[in-house]
Amino acid sequence: MQLSKFMRLIQNEFVKVFAKPIAFIMIILIPIIAFGYGFAMKNILKVQTYNSNQGMSDENYVEDYISNLNSSIMSGDGKYAQQDVSDLKEKMQLAIDIRDGKINVDITSWQMTALFSKVEATAMAESLKEYDAESAAKYLKNADAIQKAVDNDDLGMYLDAQISSLDDQIAALTAEEDASRLKASRDVLVLRKSNNIPPVCTEIKYSYNSDKDLTWQENMISSYLTAKASQYSGRSGDGIMTDDQVSANNDEVTLMEYRLNNNIQEISGDSQFGFVLESASLVSVISIFIIIIAATMMAQEYTSGTIKLLLISPHKRWKIFAAKLVSVFLISLILLVILFASSIITGGILFGFDFSQLWLTVNDGVVSSNHALIPCLLKYLLACPQLLVMTSLAIMFAVIMRHSAVAIGVGIAFMLGGSIVTSILSLMHYDFKKFILFMNTDLSVYFPSLSSSLIKDFTGSNDIVSSMYSGMTFKFSLTVLAVYFICFTYIALDSFNRRDIKQS
Amino acid sequence: MDEKKVVLKAENLNKHFGKKHIIKDVSFDVFEGEIFGFLGPNGSGKTTTIKMIMGLLDIDSGHVQIGGFDREKNFESALAQIGGIIENPDTYSYLSAYKNLEVYARLRGKVDRNRIAEVIKLVGLENRINDKVKTYSLGMKQRLGLAQAILHHPKVLVLDEPTNGLDPAGIKDLRDILKFLSHEEGIAVFVSSHILSEMELLCDRVCIINAGTVLRTESMGQITDSGNNESDYEFTIGDDIVALEKIQKIMPERYRSNIQNKFILAVNVEDVPEIIKQLCNADLKIYGVVQSVKTLEQSFMEITGGGNAIV
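Keep in mind that what you see is a predicted model, and the values were worked out from it rather than measured.

1. Some points on the confidence of the model for chain A
Any region with low pLDDT has predicted coordinates that should not be read closely.
Alright, step 1. The predicted model of chain A has a mean per-residue pLDDT of 85, with 90% of residues at 70 or higher.
Alright, step 2. Within chain A, the element-level pLDDT minimum falls on helix α19 (residues 453-459) of chain A, averaging 55, and the maximum on helix α14 (residues 317-351) of chain A, averaging 95.

2. Focus on the interface of chain B and chain A
Alright, step 1. Contacts between chain B and chain A engage 30 residues on the former and 30 residues on the latter.
Alright, step 2. Ranking the residues of chain B by area buried against chain A places E76, R106 and L107 of chain B at the top, with a combined share of 27%.
Alright, step 3. Taken together, the connections running from chain B to chain A amount to 4 salt bridges.
Alright, step 4. In this assembly, chain B and chain A are joined by 15 residue pairs in polar contact (both at pLDDT 80 or more).
Alright, step 5. Looking at the side of chain B that touches chain A, the elements that each hand over two or more residues are β1 (6-17), α1 (46-54), α2 (75-79) and α3 (97-108) of chain B.
Alright, step 6. Top element by residues in the side of chain B that touches chain A is α3 of chain B. It accounts for 7 residues.
Alright, step 7. Residues of the side of chain B that touches chain A, tallied by class, amount to 14 nonpolar, 6 polar and 10 charged.

3. A closer look at the sheet that holds strand β14 (residues 286-292) of chain B
Residue and element names in this part refer to chain B.
Alright, step 1. The 4 strands lie next to each other as β12-β13-β11-β14, forming an open sheet whose pairing is antiparallel. Edge positions in the open sheet fall to β12 (255-259) and β14, since each of these has one partner strand only. The sheet shows a mean angle of 25 degrees between the axes of neighbouring strands, taken without regard to direction.
Alright, step 2. Bridging between strand β11 (residues 231-237) and strand β13 (residues 262-267) involves 6 bridges; their strand directions are antiparallel.

4. What about the nonpolar core?
Alright, step 1. I395 and F496 of chain A together with L8, F28, L157, L178 and F190 of chain B are the most contacted members of the largest nonpolar core, which totals 164 residues.
Alright, step 2. Of all hydrophobic cores here, the second largest spans 31 residues; its members include A95, I96, F116 and C201 of chain A.

5. Thoughts on the pattern of salt bridges
All names here are of chain A.
Alright, step 1. Enumeration over the complete set of coordinates arrives at 31 salt bridges over all chains.
Alright, step 2. Linking E13 and K16 is a salt bridge whose minimum nitrogen-to-oxygen distance equals 3.5 Å. In this pair, E13 and K16 are both assigned in helix α1 (residues 2-18), 3 residues apart and thus about one turn of the helix distant.
Alright, step 3. The exposure class of K16 is buried, given its relative accessible area of 3%.
Alright, step 4. For K138, the salt bridge identified is with E134, shortest N-O distance 3.9 Å. Here the residue K138 and the residue E134 both occupy positions in helix α6 (residues 133-152), the gap between them amounting to 4 residues, near one helical turn.
Alright, step 5. You can call K138 partly exposed: its relative accessible area is 38%.
Alright, step 6. Here E134 falls in the exposed class, since its relative accessible area comes to 58%.
Alright, step 7. Salt bridges here are not isolated pairs; linked through shared partners, they connect E13, K16, E301 and K324.

6. Structural notes on the confidence of the model for chain B
Alright, step 1. Across chain B, the average pLDDT comes to 86, with 94% of residues at or above 70.
Alright, step 2. In this model, residues 307-311 of chain B is a region of pLDDT below 50 whose contacts with residues beyond four sequence positions or in other chains number 9 contacts.

7. Here's the deal with the side chain of T48 of chain B
Alright, step 1. With respect to the helices, strands and loops of the structure, T48 of chain B is situated in helix α1.
Alright, step 2. With residues near it in sequence (within four places) discarded, T48 of chain B still touches K15, F17, I22, I23 and L57 of chain B.

8. Side note on the packing of α14 of chain A against helix α21 (residues 474-498) of chain A
All names here are of chain A.
Alright, step 1. Taken N-terminus to C-terminus, the directions of α14 and α21 make an angle of 135 degrees; their axes are 10 Å apart at the nearest point. Taken as axis vectors, α14 and α21 run oblique relative to one another. The hand of the α14/α21 crossing is right-handed. Residues R317, W318, I320, F321 and L325 of α14 lie in contact with α21, whose contacting residues are F485, T489, A492, L493, F496 and N497.
Alright, step 2. For the contact of α14 with α21, the residue count by class is 8 nonpolar, 2 polar and 1 charged.

9. Notes on the packing of aromatic side chains
Alright, step 1. Tallying each qualifying case throughout the model produces 23 aromatic pairs over all chains.
Alright, step 2. Seen in terms of ring centroids, Y92 of chain B and Y94 of chain B are 6.3 Å apart; in terms of plane orientation they differ by 65 degrees. Their pairing is edge-to-face.
Alright, step 3. On the accessibility criterion, Y94 of chain B (18% relative accessible area) is buried.
Alright, step 4. Among the aromatic residues, those joined into a ring-pair cluster are F28, F36, F38 and F190 of chain B.
Alright, step 5. A cation over a ring is seen here: K434 of chain A above F476 of chain A, with NZ or CZ 5.7 Å from the ring centre.

10. Quick word on the environment of F180 of chain B
All names here are of chain B.
Alright, step 1. Considering the arrangement of structural elements, one finds F180 in helix α6 (residues 168-184).
Alright, step 2. Overall, the relative accessible area of 34% leaves F180 in the partly exposed class.
Alright, step 3. For the pair F180 and G139, spaced 41 residues apart in sequence, the C-alpha separation works out to 19 Å.
Alright, step 4. F180 has contacts with L122 and E185, leaving out every residue within four places of it along the chain.

11. Quick word on the sheet that holds β1 of chain B
Alright, step 1. Spatially, 4 strands are ordered β2-β1-β4-β5 (chain B) in an open sheet, and the strand pairing comes out antiparallel. Each of the sheet's edge strands pairs with one partner strand only, and the pair in question is β2 (20-31) and β5 (69-70) of chain B.

12. Observations concerning the environment of V26 of chain B
Residues and elements named next belong to chain B.
Alright, step 1. Positionally, V26 belongs in strand β2.
Alright, step 2. We classify V26 as buried; its relative accessible area is 0%.
Alright, step 3. Spatially, the C-alpha atoms of V26 and V214 are 5.9 Å apart, while their sequence positions differ by 188 residues.
Alright, step 4. The contacts of V26, once residues within four sequence positions are left out, are A10, E11, N12, L13, T49, I209, G212 and V214.

13. Re a nonpolar patch on the surface
Residue and element names in this part refer to chain A.
Alright, step 1. Side chains of F35, F39, I345, I349, F353 and F355 sit close together on the surface and give an oily, nonpolar patch of about 630 Å² of accessible area.
Alright, step 2. At the level of secondary structure, the elements contributing two or more residues to the nonpolar patch comprise α2 (21-53) and α14.
Alright, step 3. Note on placement: I349 falls in helix α14.
Alright, step 4. The exposed category is assigned to I349, whose relative accessible area is 52%.

Calculation notes
Residues numbered from 1 in each chain as written. Chains lettered and ligands numbered in written order. Predicted model: local features only at pLDDT ≥ 70, side-chain atom pairs only at ≥ 80, totals over all residues. Heavy atoms only, no water. pLDDT = per-residue confidence, 0-100. Helix = DSSP H or I, 4+ residues; strand = E, 2+ residues; numbered from the N terminus. Contact = heavy atoms within 4.5 Å. Buried area = accessible area lost by both parts, 1.4 Å probe. Salt bridge = Lys/Arg side-chain N within 4 Å of Asp/Glu carboxyl O. Polar contact = N/O pair within 3.5 Å; in protein donor to acceptor, adjacent residues only side chain to side chain. Nonpolar A, V, L, I, M, F, W, Y, C, P; charged D, E, K, R; others polar. Pairing = 2+ DSSP bridges. Axes fitted to C-alpha atoms, helices over the stretch in contact; angles between N-to-C directions. Core = buried A, V, L, I, M, F, W, Y, C linked by side-chain atoms within 4.5 Å. Buried < 20%, exposed > 50% of the residue type's maximum accessible area, 1.4 Å probe, protein only. Parallel < 35°, antiparallel > 145°, perpendicular 65-115°, else oblique. Left-handed = near helix turned anticlockwise from the far one by under 90°. Phe/Tyr/Trp six-rings, centres within 6.5 Å; stacked < 30°, edge-to-face > 60°. Lys NZ or Arg CZ within 6 Å of the ring centre and 35° of its normal. Patch = residues over 30% accessible without salt bridge, like charges linked within 9 Å, V, L, I, M, F, W, Y side chains within 5 Å. Areas by Shrake-Rupley, 256 points an atom, 1.4 Å probe, with all protein chains shown as cover.

Here you go:
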């Protein structure tokens, strides 16, 4: 009975809001904004790719490479060890042969890699032959095996040759020497062999800054190499790893192995569901819409005098207030669902429909695989507490201001100003910053697995994020949001209850 | 009349705005089936009292009972018995009139479509019911406001200045509707106004308030009949300056007032021929003699001391 009375109040709020054009403008605007966001993102990615290519042909790269090596040899004659100089000269000879068409291989192919490694092996053999004939012989054998593999066009043979060469090198190391890098490299080769992933030659064409052109496997293998080396040595770039870091690193290695072995790419920002993950940041647009809806729903009742109709009806004031709060929140959820749906469609249109995308997570060394829709849903679910707090904030402004234009203006100014100030404060080391509302609104920062690989690239594997949010946890943020919600609602309800309706 | 139930009871209401004492010990009873006029000059506290009854303002001290329920203790039951228009007929102007009524019906509960149709017919809005309210004239908005106010079969209907902005035909329609509601359906109608000629035609009882104090609560007959032994007669006499001089000389005790050559004299019925004779003897030309009926306006002016709010 009580509930049905309350439901009728909510129904009334919906009737009133959806009779206004503003509601439909919002519903139409959300897909447009989502599409605009996707379009911009797609073009940003394109620009990055374009910059790295700079429209150069393969011949230009070879020419550049030759002249670079040439100037190194000329200028560094005295500085380099004899071995290095002969190494450079060999490499330059190889490049010249390619330019002149004596050797006919693609400069990014595995054969190219093989030829370079043959040059290196030969140079090693040359430098070692005087005091370590045994090792020199092994290097020479390796060089022969490589040449044979290239001649037979046999990737497996090449990888085997490299693996056995690494085995020799590891065996030759003394106990004090660090074998972790070599062991990691050997693991990479084994992985390449079992999954038939040919190494891409980065010597001539690619640099480490322009890895956008490389396949995701190639990019992942370079991360894998680092992580695997850390696993062997127990050290990361910062020094000896803590237990937590060790287990995190182990999990990362497991996950990357799983991805490479099963050919499951990370969800990237330029895929359908990757875009959906990115589009969750458009929730701030919904926050602005909430302020407008709350102002129409609350402040306009005062402006038009219709608040009197509500207050002389047989409902206690707090129920009328609660009906409005619940209605604004429900409408914001509807807008969230519209954003979600339009992001899926936009992602499909711009980046290609791909409903087979998978989302991998790893916990204690066990990889679990879910449909890519799951992280998207989770990420949108994490936006709901934020929407609830924004609803109470918007209602508070509407009740206090009692004039829709003023409430909208103040509300939007507070939101934009607040988030700008917070983004500046977040880079500083004030302890109080963690209690600021806008530091706590984005709950997804505590779940890095809910970001697409694009965002991870931007933030540098979460190091910046984690330093920004140091001392904060998911539960902490949730508590802060709850406290803000209670405060805003209390202030608004108190003002709503207390105020006499003096004039129309 | 005596057996009728009190459906709206105000007891010693007091209200302060800041340090100003706006409403001072206001009390009255409204019975079912009567039209109760709440009269007072501008700023006398009519609307404030109504807002206190309807729960828009807190009551500093005193009680309001609606249909037997205390307004403060039993808010929802009390407010379910009352409907009204306060200050303006407030509507959602971007909705159609019918949608407005639906919204209000949901607010009230227990109102079905038949009742909505019935009320629309009663206030005479059938032709324009699906138009948006922003296209309505003030008179039509008043009708819609009235429809909203009676939608849920209230026992008490409170109308604050309902004739504002209505044309004469509209006022007559409103009067007919209100008389129907009170006398046929037994609703207690509580009307506030400062337009006395209309109230005189409409109300069964009136309460006169000034500066936040109730001056008198009486039936319409009692108030206009304000207890004089002598009735007043209006004499139309030629040459008003001479006439005034002579009347004040012959019968100063009977003279009440005059507007140019129309003289109001206090005369009993049986004395009228004698007075005419005396005036004729004084060489005054009498063009007409009419019994002067005291209007609500005159009583009101007397009671409120010229109708000026003393705040």
